[in-house]
Amino acid sequence: MTETTFTPRVFSGIQPSGNLHLGNYLGALKRFVDWQAKDVESIYCMVDLHAITVWQDPADLKKSTRELCAGFIAAGLDPEKSILINQSQVPEHAQLAWVFNCVARMGWMQRMTQWKDKAGKNAQNASLGLFAYPALMAADILVYHATHVPVGEDQKQHLELTRDIAIKFNHDYGVNFFPETEPVIEGAATRVMSLRDGSKKMSKSDPSDASRINLTDDADAIAKKIRKAKTDPEALPSEAKGLEERPEARNLVNIYAAMAEMSVDQVLAEVGGKQFSEFKPMLADLAVAKMSPITTEMARLMENQDEIDKILARGSERARAITAPILSQTYDIIGMVRPVEV
Ligand code: TYM
């Protein structure tokens with residue numbers, strides 16, 4: 001039995017497959033910035049290999065990857081403190097994913113709700129990569145021996161699978177090599193809903209642009225989308241239980257709470273009894289105040305793409321100092337002959 005203690009290390013990723021939206025920002029990116037303040041070694045990844053599990057136009061993929069990196073930095077991630085990478089520059093992710101393809105079981109993958117949603121009725125025509133997606137995700141995390149993974153609620157099942165893969169690997173090879181990673185799903189906005197339908201998650205694949213606030217939207221667009229957001233005719237309640245059967249109202253209050261860094265109860269103590277005609281402008285002002293500086297900074301950073309490419313190259317060099325030894329030990333554990341000095 002190889003005994004290992006795992007020092008805290010944070011890893012998370014976002015797909016560079018289109019616009020970053022408010023759900024990504026509140027559910028993930030903003031929380032990466034909170035983690036950075038805790039001074040734990042952190043790696044944040046643009047998961048370009050995951051993005052190509054569905055078709056990506058090559059020029060758009062490059063642009064989206066750089067834009068995502070600009071978004072990370074504009075939101076407050078400091079490339080000196082946190083390691084910023086795009087997945088394809090750190091080959092150990094894909095190498096460990098292959099090993100995990102041989103650990104994970106078909107039945108585990110078939111149960112993934114994201115696979116069922118994305119492949120739909122046309123599973124025979126989906127890519128093999130889409131099916132194996134969660135094994136690559138487990139590799140992203142475990143190739144760093146990461147212990148904490150901040151994500152939105154929709155990633156919970158994938159993180160449970162990551163633990164299952166770690167447990168099975170450790171069990172099969174009689175080691176304690178991979179940690180059982182903790183998902184960190186916290187805050188008021190772990191599941192930001194569509195502005196047009198409170199029963200649907202805010203998503204970049206929703207055909208209606210009015211359903212989401214993009215990080216590239218200007219102040220007018222943000223205010224307009226909030227003004228038009230679906231609501232109900234009642235005034236806001238003074239307590240959280242008054243939101244239980246009101247998904248659209250609950251969503252807007254959650255968004256407000258996450259952006260203002262308040263609890264839902266604190267928000268309702270302030271706005272309970274107000275009509276949406278009064279609350280929506282408050283929310284729009286707050287959203288514009290929080291998002292506009294990020295949008296402006298992203299656009300400024302995108303003017304200097306060489307700088308972004310250097311940040312990613314430097315990030316991958318730092319990342320590989322962690323991932324290369326972990327992959328090498330993995331190969332050794334599973335019985336691969338390792339290179340010797342010649
Ligand atoms: P992705 O790119 O779909 O989303 C990135 C992050 O944003 C969160 N998120 C949301 N949070 C709240 N409300 C929403 N409406 C919302 N929509 C998205 C997601 O939960 C996620 O945290 N498979 C991952 C990327 C990934 C990854 C990883 C994450 C690849 N490897 C390893 C963590 C660790 C994904 O597709 O996220």
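Calculation notes
Residues numbered from 1 in each chain as written. Predicted model: local features only at pLDDT ≥ 70, side-chain atom pairs only at ≥ 80, totals over all residues. Heavy atoms only, no water. UniProt positions renumbered as here; feature names shortened; annotations may be inferred. Helix = DSSP H or I, 4+ residues; strand = E, 2+ residues; numbered from the N terminus. Rg over C-alpha atoms; globule rule 2.2 N^0.38 Å. Buried < 20%, exposed > 50% of the residue type's maximum accessible area, 1.4 Å probe, protein only. Contact = heavy atoms within 4.5 Å. Areas by Shrake-Rupley, 256 points an atom, 1.4 Å probe, with all protein chains shown as cover. Lys, Arg positive; Asp, Glu negative; His and termini not counted. Charge placed at Lys NZ, Arg CZ, Asp CG, Glu CD. Pairing = 2+ DSSP bridges. Near = heavy atom within 4 Å. Polar contact = N/O pair within 3.5 Å; in protein donor to acceptor, adjacent residues only side chain to side chain. Domains from an automatic or database assignment. Buried area = accessible area lost by both parts, 1.4 Å probe. Salt bridge = Lys/Arg side-chain N within 4 Å of Asp/Glu carboxyl O. Disulfide = S-S within 2.5 Å. Right-handed = clockwise from strand over helix to strand, strands pointing away. Phe/Tyr/Trp six-rings, centres within 6.5 Å; stacked < 30°, edge-to-face > 60°. Lys NZ or Arg CZ within 6 Å of the ring centre and 35° of its normal.

The name an unreviewed UniProt entry assigns to the chain is Tryptophan--tRNA ligase, from the organism Phaeobacter italicus. The UniProt entry for the chain carries the following text under Function (unreviewed entry): "Catalyzes the attachment of tryptophan to tRNA(Trp)." Quoted straight from UniProt, the Sequence similarities (unreviewed entry) entry for the chain says "Belongs to the class-I aminoacyl-tRNA synthetase family."

### Considerations on the overall build of the chain
Helix and strand counts for the chain stand at 13 helices and five strands. For a compact globule of 342 residues, the expected C-alpha radius of gyration is about 20 Å, and the chain comes in at 21 Å, within 12% of that figure. For the C-alpha atoms alone, the extent of the chain along its principal axes is close to 75 × 45 × 40 Å. Within the chain, buried positions represent 50% of all 342 residues. Long-range pairs, those at least 24 residues apart, make up 77% of the contacts in the chain with a sequence separation of at least 6. Counting every atom, the chain has about 16400 Å² of accessible surface; 51% of that belongs to carbon and sulfur. Here the chain carries 39 positive and 46 negative side-chain charges, and the mean point of each set is 4 Å from the other.

### Overview of the pairing of strand 3 (residues 83-86)
Where burial is concerned, the two faces of strand 3 agree: the one with Ile83 and Ile85 and the one with Leu84 and Asn86 are both buried. Relative to strand 3, strand 2 (residues 42-46) is paired through four bridges, and the arrangement is parallel. When the bridges of strand 3 are listed, Tyr44 appears paired with Leu84.

### Here we look at the site of the ligand
Lining the immediate surroundings of the ligand are 27 residues, of which Tyr133, Asp140, Gly152, Asp154 and Val192 lie closest. In this structure, Asp140 approaches the ligand through a side-chain N or O atom, which is 2.7 Å from a nitrogen atom. At 3.1 Å from a nitrogen atom of the ligand is found a side-chain nitrogen or oxygen belonging to Gln155. Burial of the ligand by the protein amounts to 97% of the accessible area it has alone, namely 710 Å². Sorting the residues of the shell around the ligand by element identifies strand 1 (10-14), helix 1 (22-36) and helix 7 (128-142) as the ones contributing at least two each.

### Here we look at the UniProt feature "short sequence motif: 'HIGH' region" (unreviewed entry) in the chain
Within this numbering scheme, the UniProt entry marks residues 16-24 as carrying the feature "short sequence motif: 'HIGH' region" (unreviewed entry). Annotated as residues 16-24, this span is 33% helix and 0% strand, and its ends, taken at the C-alpha atoms, are 11 Å apart.

### Quick notes on the domain arrangement of the chain
Along its sequence, the chain is organised into domain 1 (9-190 + 304-334) and domain 2 (209-300). Placing a centre on the C-alpha atoms of domain 1 and another on those of domain 2 gives a separation of 29 Å. Across the boundary between the two partners, domain 1 contributes 15 residues, which contact 17 residues of domain 2. Of the roughly 1400 Å² buried between domain 1 and domain 2 on both sides combined, carbon and sulfur atoms contribute 73%. Between the two partners, domain 1 and domain 2, sit one salt bridge. The partner of Glu261 in a salt bridge is Lys30, with the nearest N and O atoms 2.7 Å apart. Connecting domain 1 to domain 2 are three residue pairs in polar contact (both at pLDDT 80 or more). Elements represented by at least two residues in the side of domain 1 that touches domain 2 include exactly helix 1 and helix 3 (58-75).

### Quick look at the state of the cysteines
The full count for this structure, using the stated rule, is zero disulfides. No disulfide involves Cys45; its sulfur sits 11 Å from the nearest other cysteine sulfur, which is in Cys69.

### Quick word on the pattern of salt bridges
This model, assessed by the stated rule, comprises 20 salt bridges. Linking Asp154 and Lys201 is a salt bridge whose minimum nitrogen-to-oxygen distance equals 2.8 Å. Placement of Asp154 in the loop between strand 4 (148-150) and helix 8 (156-173) and of Lys201 in the loop between strand 5 (182-184) and helix 9 (219-227) is noted, with a sequence separation of 47 residues between them. Linked through salt bridges whose partners overlap, the residues forming this network are Asp209, Arg212, Asp217 and Lys225.

### Regarding the pairing of strand 1
Most of strand 1 is tucked away, with four of its five residues classed as buried. Two strands pair when backbone bridges link them, and strand 1 and strand 2 are joined in this way by five bridges, in the parallel orientation. By the bridge assignment for strand 2, Phe11 is matched with Ile43. Traced from strand 1 through helix 1 to strand 2, the parallel crossover comes out right-handed.

### Focus on the packing of aromatic side chains
Under the definition given, this model contains ten aromatic pairs. An angle of 70° between the planes, with centres 4.8 Å apart, marks the rings of Phe177 and Phe178 as edge-to-face. Phe177 gets classed as buried once you look at its relative accessible area, which sits at 2%. Ring-pair connections join several aromatic residues into one group, and the members of that group are Phe100, Phe169, Tyr173, Phe177 and Phe178. Seen from the ring of Trp35, Lys38 lies directly overhead, with NZ or CZ sitting 4.0 Å from the centre.

### So, unusual backbone geometry
The general pattern is negative phi for most residues beyond glycine and trans for most peptide bonds. Look at Asp39: it is not a glycine, yet its phi comes out positive at around 65°. In this fold, Asp39 is placed in the loop between helix 1 and strand 2. At His145, a residue that is not glycine, the phi angle is positive and equals roughly 50°. With respect to the helices and strands, the residue His145 is situated in the loop between helix 7 and strand 4.

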